Amino acid sequence: MQLEMAGIDFHTAPLAVRERAALTAGQAEHILPGIRAADGVEGCVLLSTCNRTELYLCGAADPAAVLREALGLPELSAVLRKGEDAARHLFAVAAGLESQLPGDGQILTQVGSAAALARRLHTADSVLDSLFRRAVTAGKRVRTETRLTPVPVSAAHQGVRLAQSRLGSLKGVHAVVIGNGEMGRLAAGLLRDAGCLVTVTLRTYRHGETIVPAGCAAHPYEDRYAVLEGAGLVISATASPHCTLLQAPFRTLRRPPRLLIDLAVPRDIDPAIGQLEGVQVCNLDDLGQLEDSGNQEERRRAQDILDEGFEEFRQWYDYRAALPEIAALKEALLDRVRHDHAYGGLYGAQDLDGLAWLAVGKTVDLLLGGMKEIVSPGRLEACLEQVKKGGKP
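Residues numbered from 1 in each chain as written. Predicted model: local features only at pLDDT ≥ 70, side-chain atom pairs only at ≥ 80, totals over all residues. Heavy atoms only, no water.

Engineer: Tell me what's going on with the packing of aromatic side chains, and back it up with residues and numbers.
Structural biologist: Geometry of an aromatic ring pair is reported as the spacing of the ring centres plus the angle between the planes. Evaluated as defined, the whole model comprises four aromatic pairs. Taken together, a centroid distance of 6.3 Å and an interplanar angle of 85° make the contact between Phe-91 and Phe-310 edge-to-face. Note that Phe-91 is positioned in helix α4 (residues 83-94) and Phe-310 in helix α12 (residues 296-321), a separation of 219 residues in sequence. Using a relative accessible area of 1% as the deciding quantity, one classes Phe-310 as buried. Measuring from centroid to centroid gives 6.2 Å for Phe-313 and Tyr-317, while their planes differ by 45°, and the two rings are tilted. Highlighted residues: Phe-313 and Tyr-317, both in helix α12, separated by four residues, approximately one helical turn. (Phe/Tyr/Trp six-rings, centres within 6.5 Å; stacked < 30°, edge-to-face > 60°. Helix = DSSP H or I, 4+ residues; strand = E, 2+ residues; numbered from the N terminus. Buried < 20%, exposed > 50% of the residue type's maximum accessible area, 1.4 Å probe, protein only.)

Shown next as structure tokens:
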């Protein structure tokens, strides 16, 4: 199988390395065409999330070298997967089985978005396009047909769980959420439901356009340090390439928050803040240390679904790979029938039934003669049914 993947994830690289390799959608869009233009690359898809950056590639190029050059990180130590191993890995990723938070509800959308970007930029070849489509389909089945965790899982859910484990009851705690994107709004809503008094920082506010979760107050992002005074908890979840909170201004607070949880990659919160007395800073790697409540029986069911999806892809790939041989086989069979008709003198030129029987008989005999080791009544019955259907799937 001419398919390879090179990348890093939370298993193989610490957060400090992952954040250097993390890409926004805009950055991925900028570098993908260059990857596709590299020597030996026939198709490519780039997947970048909070916990992984992976390049899927078809062709003769070294995906690890291509990825390092594209990211500008010559020292990056990437894991390499080839052929079926790479394909199976993507199926598991799409289903959330390889996520730092098992059953992660966001990864399926992220895999689909990576494939959609590659299609729009015409960097994905037919193999990668089929692989990603089938992986997303299998991931959707896992999401709807299994229950990997008893409750929905996302970084926001785990962030609130972590806050509860560190602070106890959150009822009445003043919580500040920096970031009003999807993750920030989800975190704000979960904190509100847990009994927090929630304030969300906003870079801009347009009445009727900016969505602030019901029951949450809003505060200008530019004046964010002021609203931190006296707060008990901070969750930051932005797509900013720079820190949202720095140690120098934070240390001037008279009553700083006791717990700060960073859900962003690259990190939003300056790790040096965690060096201040009485202040805890947690990041995504800390979320992964919470007890896994996954159901092993549901995981087995999920794996069965992924195996089924992979097998469909493998059959598609094998048939596609065999197309040149199929064309050559048809030509050889035609030549053989012509030869036997011309020199056998069995039928007249107008004997169409005889010619058809000759062609069919020779074709079947020659094909089965080359597949004796795999011929069985069951396989022949399947072929017979396919013939009866006229070759329609």
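On we go from here.
Engineer: Residues and numbers for α12, please.
Structural biologist: With 26 residues, α12 extends 36 Å between its outermost C-alpha atoms, agreeing within 8% with the 38 Å of an ideal straight helix rising 1.5 Å per residue. Those residues of α12 that fall on the buried side of the exposure criterion are Glu-298, Arg-299, Ala-302, Ile-305, Leu-306, Gly-309, Phe-310, Phe-313 and Tyr-317. As for α12, its buried residues are in contact with α4 and α6 (126-145). (Expected span 1.5 Å × (residues − 1). Contact = heavy atoms within 4.5 Å.)

Engineer: I'd like a rundown of the side chain of Asp-125, residues and numbers included.
Structural biologist: Along the chain, Asp-125 falls in the loop between α5 (107-120) and α6. In this structure, Asp-125 is in contact with Glu-42, Gly-43 and Cys-58, ignoring residues within four places of it in sequence.

Engineer: Tell me about the environment of Ala-6, residues and numbers included.
Structural biologist: Tracing the backbone shows Ala-6 in strand β1 (residues 4-9). Accessibility expressed as a relative area gives 0% for Ala-6, which makes it buried. Residues Ala-6 and Val-66 lie 60 residues apart in sequence; the distance between their C-alpha atoms is 9.0 Å. With near-sequence residues (within four places) excluded, Ala-6 lies in contact with Thr-53, Glu-54, Leu-55, Pro-63, Ala-64, Leu-67, Ala-78, Val-79 and Leu-80.

Engineer: Describe in detail unusual backbone geometry, supporting the description with residues and values.
Structural biologist: Each neighbour pair has its own omega, and for Val-265 with Pro-266 the value is 0°, a cis peptide bond. For Pro-266, the location among the structural elements is in the loop between β9 (259-262) and β10 (280-282). Located in the positive-phi region is His-122, a residue other than glycine, with phi close to 60°. Structurally, the position occupied by His-122 is in the loop between α5 and α6.

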